[in-house]
Amino acid sequence: MSTTITPLHPAGAFPPGLRPPLAPAPAEQAGPGAGRRHAALAVLSAFAAMLLLLALAFHGYVAWVIAHPYVPALTSNPLAAKGLAYDDVSFPSKSGRTTVHGWYIPAPASGGGAASATLAAAGADAGPSAAKAAAIPASDRTVVFSHGYGANREETWVPMYDLAKLLHGLHYNVFMFDYGYASSGVRTPATGGLEESQQLLAAIQYARSQGAGEVVVWGFSMGAGTALQAALQTDASDRIDAMLLDSLFLPTGDSLYSNVQQYLKELPRYPSVPLIKWMLPFFTGVHLDSLPVRQVLQTPYPMPVFIMHGTDDAIASVSTAKRIAADQQNALSRSWVVEGGKHELLFKTRPKEYIQRAALFLSQVDAAYKTDQAAAADNAGQAA
């Protein structure tokens with residue numbers, strides 16, 4: 001006899017298979033406060049995204065302005081400004097990527113500048129061709145001016161025409177030219193000295209093609225820093241025999257920030273400097289950190305270097321100038337730190353002392369050059 005035992009279920013319970021389906025939990029009622037929180041979060045996210053875009057756009061604009069500084073057009077020429085004979089020339093940069101436009105001012109046939117006086121009497125509208133015919137180049141010494149950032153070859157606040165007139169009286173040929181960002185032709189972005197050094201080297205090559213044996217580069221601000229970059233890359237065709245460097249400027253993160261602060265005093269260093277440095281290559285094709293600034297700071301240059309700098313220079317640090325000057329080993333190298341001097345205004349505020357110091361340096365460089373040439377000639381004669 002078999003017995004089946006059926007388990008008993010608790011009272012009120014359903015046997016398996018007869019349980020009713022579970023009813024879904026009632027939906028959580030969203031109150032008006034939760035909706036407001038979601039809306040506020042969406043607004044804040046949109047506002048933050050807008051601020052980020054504005055910050056990127058602002059720093060992108062700053063980077064663009066740095067790459068394309070405003071430079072006014074030329075307002076005069078050597079003949080009209082100082083009665084100096086000149087030739088208007090253009091040629092490719094050493095890299096071949098850009099074109100250099102400039103004025104070549106030959107030294108007069110006699111040291112007194114009589115040819116210039118004749119040209120001035122004939123009228124400033126005689127033009128470069130008449131000037132070229134009236135003056136016969138008779139000097140193998142040339143000074144190439146290397147102008148500063150945000151200026152062109154005239155750089156009136158230096159003032160460049162006055163220095164050209166002074167050198168002309170000392171029987172030097174003078175070459176004044178524009179860097180690409182200030183070109184009288186097609187303008188190109190400023191590259192912190194990368195392409196500008198190639199333009200300067202081409203200017204030196206041009207001076208040598210006109211018969212210059214001794215070439216001195218006279219640089220101002222970033223043009224002085226560019227001269228130091230160019231001097232790292234010279235060969236026999238563009239040798240630099242000496243450099244005068246007034247208010248020298250090197251492109252670094254620190255100098256970038258101090259210059260931007262001249263116009264945007266409340267701009268924070270971070271994240272502004274990293275953002276601008278990151279964006280600059282989009283407009284210039286050059287990373288700031290790829291420039292040979294460290295090499296410039298560590299190089300004792302073989303040629304004589306005369307560094308002039310003011311203690312109150314708010315654009316280019318006097319400590320940088322002192323550091324470079326201290327590393328120079330050529331016997332003719334020297335420095336002049338002007339107490340209270342401001343950026344590129346040393347000649348304008350102390351013209352007599354400025355001229356005396358520059359002329360003395362040039363005369364000593366010239367004497368050393370002639371001594372070296374005579375020694376080379378003697379050695380060649382003995383070898384023959």
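Residues numbered from 1 in each chain as written. Predicted model: local features only at pLDDT ≥ 70, side-chain atom pairs only at ≥ 80, totals over all residues. Heavy atoms only, no water.

Undergrad: What is the right way to read the overall build of the protein from this model?
TA: Helices and strands together make up the secondary structure of the protein, namely 13 helices and 8 strands. Surface exposure of the protein reaches about 19400 Å², of which carbon and sulfur atoms provide 61%. (Helix = DSSP H or I, 4+ residues; strand = E, 2+ residues; numbered from the N terminus. Areas by Shrake-Rupley, 256 points an atom, 1.4 Å probe, with all protein chains shown as cover.)

Undergrad: Would you mind showing me how to read the pairing of strand β2 (residues 99-105) here?
TA: In the case of a regular strand, side chains alternate between the two sheet surfaces. Extensive coverage of β2 is indicated by the burial of 6 of its 7 residues. Of the strand pairs in this sheet, strand β1 (residues 87-92) and β2 are connected by 6 bridges, and their pairing is antiparallel. Of the residues in β2, the one forming a bridge with D87 is Y104. When β2 meets strand β4 (residues 173-178), the two strands line up antiparallel, connected through 5 bridges. (Buried < 20%, exposed > 50% of the residue type's maximum accessible area, 1.4 Å probe, protein only. Pairing = 2+ DSSP bridges.)

Undergrad: Would you mind going over the packing of aromatic side chains with me for this structure?
TA: Here the distance between the centres and the angle between the planes together describe a pair of aromatic rings. Under the counting rule described, the total for this entry stands at 18 aromatic pairs. Ring geometry for F347 versus Y354: centroids 5.2 Å apart, planes at 45°, classification tilted. Given the relative accessible area of 9%, F347 is considered buried. Accessibility expressed as a relative area gives 0% for Y354, which makes it buried. By way of ring pairs, the aromatic residues F91, Y104, Y149, F175, F177, Y179, Y181 and Y206 are connected into one cluster. The lysine or arginine in question, R141, covers the ring of Y172, its NZ or CZ lying 3.9 Å from the ring centre. In this arrangement the basic side chain of R153 is found over the ring face of W103, its NZ or CZ atom lying 4.4 Å from the centre. (Phe/Tyr/Trp six-rings, centres within 6.5 Å; stacked < 30°, edge-to-face > 60°. Lys NZ or Arg CZ within 6 Å of the ring centre and 35° of its normal.)

Undergrad: Would you take a moment to explain the pairing of β1 for this structure?
TA: Burial along β1 is one-sided: the face carrying D87, V89 and F91 is buried and the face carrying D88, S90 and P92 is not. Hairpin geometry of β1 and β2 is characterised by an intervening segment of 6 residues between the two adjacent antiparallel strands and by a positive phi of about 85° at G96.

Undergrad: Can you help me understand the environment of V89 in this one?
TA: Structurally, V89 can be placed in strand β1. A residue is classified by how much of its surface remains accessible, and V89, at 11% relative accessible area, is buried. Once the C-alpha coordinates of V89 and W103 are considered, the two residues, 14 residues apart in sequence, prove to be 6.1 Å apart. The contacts of V89, once residues within four sequence positions are left out, are V100, H101, G102, F175 and Y206. (Contact = heavy atoms within 4.5 Å.)

Undergrad: Looking at this structure, how should I read the packing of helix α8 (residues 253-260) against helix α9 (residues 269-284)?
TA: The relative placement of two packed helices is expressed as an angle between their axes plus a distance between the axes. Look at α8 against α9: their axes get within 10 Å of each other, and the N-to-C directions meet at 110°. It follows from the interaxial angle that α8 and α9 lie roughly perpendicular. Judged by the twist between their axes, the crossing of α8 over α9 is right-handed. Residues G253, D254, L256 and Y257 of α8 form the contact with α9, whose own contacting residues are R269, V273, I276 and K277. (Axes fitted to C-alpha atoms, helices over the stretch in contact; angles between N-to-C directions. Parallel < 35°, antiparallel > 145°, perpendicular 65-115°, else oblique. Left-handed = near helix turned anticlockwise from the far one by under 90°.)

Undergrad: When you look at the side chain of N152 in this model, what are you seeing that I'm missing?
TA: Position of N152 among the secondary structure elements: in the loop between β3 (141-146) and α5 (160-169). A relative accessible area of 6% places N152 in the buried class. Among the polar contacts listed, one links the side chain of N152 to the backbone oxygen of P72, at a separation of 3.0 Å. Within the structure, N152 has its side chain in polar contact with the backbone nitrogen of E154 (distance 2.9 Å). Setting aside chain neighbours within four positions, we find N152 in contact with V71, P72, A73, L74, H147, D178 and A182. (Polar contact = N/O pair within 3.5 Å; in protein donor to acceptor, adjacent residues only side chain to side chain.)

Undergrad: What is the right way to read the sheet that holds β2 from this model?
TA: One key point about sheets: their strands pair by backbone hydrogen bonds, in either a parallel or an antiparallel sense. With respect to topology, 8 strands assemble into an open sheet ordered β1-β2-β4-β3-β5-β6-β7-β8, the strand pairing being mixed. In this open sheet, the two strands that pair with only one neighbour each are β1 and β8 (334-338). Neighbour to neighbour, the strand axes of the sheet diverge by 20° on average, direction disregarded. Across the sheet, helix α13 (residues 351-383) is in contact with β3, β5 (214-220), β6 (242-246), β7 (305-310) and β8; its angle to β5 comes to roughly 150°.

Undergrad: Any chance you could explain the packing of helix α6 (residues 194-209) against helix α7 (residues 222-230) here in plain terms?
TA: Where α6 meets α7, the closest approach of the two axes is 9 Å, and the angle between their N-to-C directions is 75°. Between α6 and α7, the crossing angle belongs to the class labelled roughly perpendicular. For the pair α6 and α7, the contacting residues are L194, E196, S197, L200 and L201 in the first and T226, A227, Q229 and A230 in the second. Residues that form the contact of α6 with α7 fall into these classes: 5 nonpolar, 3 polar and 1 charged. (Nonpolar A, V, L, I, M, F, W, Y, C, P; charged D, E, K, R; others polar.)

Undergrad: So what exactly am I meant to see when it comes to the environment of Q205 here?
TA: Secondary-structure assignment places Q205 in helix α6. For the pair Q205 and S237, spaced 32 residues apart in sequence, the C-alpha to C-alpha distance is 5.8 Å. For Q205, the contacting residues outside a window of four places in its chain are K94, S237 and D238.

Undergrad: So what exactly am I meant to see when it comes to α13 here?
TA: Note: α-helices contain 3.6 residues per turn, so residues at a spacing of three or four share the same orientation. Between the first and last C-alpha of α13 there are 48 Å, a value that for 33 residues agrees with the 48 Å anticipated at 1.5 Å per step. Residues of α13 that are buried: Y354, A358, F361, L362, V365, D366 and Y369. (Expected span 1.5 Å × (residues − 1).)

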